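# Analysis of the macromolecular model
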Amino acid sequence: MRALTSVAALMAVAGMVACGGDDGTSAATPLSVLDADFVPASILGLEVEEEDVEESLDRRTRTYLDAVGMYSVRDDELLQATLQISRFRDDVDHDRSAFQHSIITQIGSSAPRAYRIGDRTVWLTTGKSQQVTIWFSEGYLYVLGVRDDFRQGRTLLRGLLETLP
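Okay, so let's go over this structure. (Residues numbered from 1 in each chain as written. Predicted model: local features only at pLDDT ≥ 70, side-chain atom pairs only at ≥ 80, totals over all residues. Heavy atoms only, no water.)

## Considerations on helix α3 (residues 97-104)
Counted only if it meets this: Burial here depends on accessible area, computed with a 1.4 Å probe over protein chains only, as a share of the maximum for the residue type. Under 20% is buried, over 50% is exposed, and the range in between is partly exposed. Helix and strand definitions follow DSSP, with helices as H or I runs of at least four residues and strands as E runs of at least two, each counted in order from the N terminus. Arc, as used here, means the arc of the directions from the helix axis to the C-beta atoms.
Taken residue by residue, α3 has F99, Q100, I103 and I104 as its buried positions. Seen along its axis, α3 keeps its buried residues to an arc of 135°; they face one direction.

## Describing a negative patch on the surface
Selection rule: For patch building, the residue pool is restricted to those with more than 30% relative accessible area and no salt bridge; the joining distance is 9 Å between like charges and 5 Å between nonpolar side chains (Val, Leu, Ile, Met, Phe, Trp, Tyr). Per-residue and other accessible areas were derived by the Shrake-Rupley procedure at a 1.4 Å probe size, with only the shown protein chains allowed to occlude residues. Definition used for salt bridges: Asp or Glu carboxyl oxygen within 4 Å of a side-chain nitrogen of Lys or Arg. In this tally, Lys and Arg are treated as positive and Asp and Glu as negative; His is ignored, and so are the chain termini. Each charge is placed at NZ for Lys, CZ for Arg, CG for Asp and CD for Glu.
A cluster of acidic side chains, namely D35, D37, E50, D52, E54 and E55, defines a negative patch on the protein surface. Summarising the element assignment, D52 is placed in the loop between β3 (46-50) and α2 (54-57). D52 gets classed as exposed once you look at its relative accessible area, which sits at 68%.

## Let's talk about the environment of S109
Definition in use: Working rule for contacts: check all heavy atoms of both residues, and any pair within 4.5 Å makes them a contact.
With respect to the helices and strands, the residue S109 is situated in the loop between α3 and β6 (113-117). What makes S109 exposed here is its relative accessible area of 60%. Sequence spacing of S109 and K128 is 19 residues, and the spatial spacing of their C-alpha atoms is 7.9 Å. The residues touching S109, leaving out its near neighbours within four places in the chain, are T125, T126 and G127.

Okay, here's the thing in structure tokens:
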């Protein structure tokens, strides 16, 4: 189950590093880790824990991000979902649809499809034995990976959309 967490973190971070091309808009700055209190300690009765991504970030530079956080969502010891939150640097035009599309297409293994949930647009794709949801809000990129067999995946997504900025 830890593999799901590691794969999701590296998948999204690797995608963002790839976006940091040599176009003059990216600087070689190391990524930091988001504060642990960025997400609630529990949601829908599931425990949310910060995962250690420090080692994964040590070599990551030349990116549009300045911070990343990775969180596991568990029912007792069983991993049900992972949530990666990435904060864009202030000088990045993260609201541009072409920029967002370039990120979305790098995450997941199927063609992403856009859906409206409330006032937000989310993109759904798949990963190995998981459903992956991607959304942007207030300078952040969110990537939620939920186990295929977790029956409350949409409820979890709605709860996160209501809770997070």
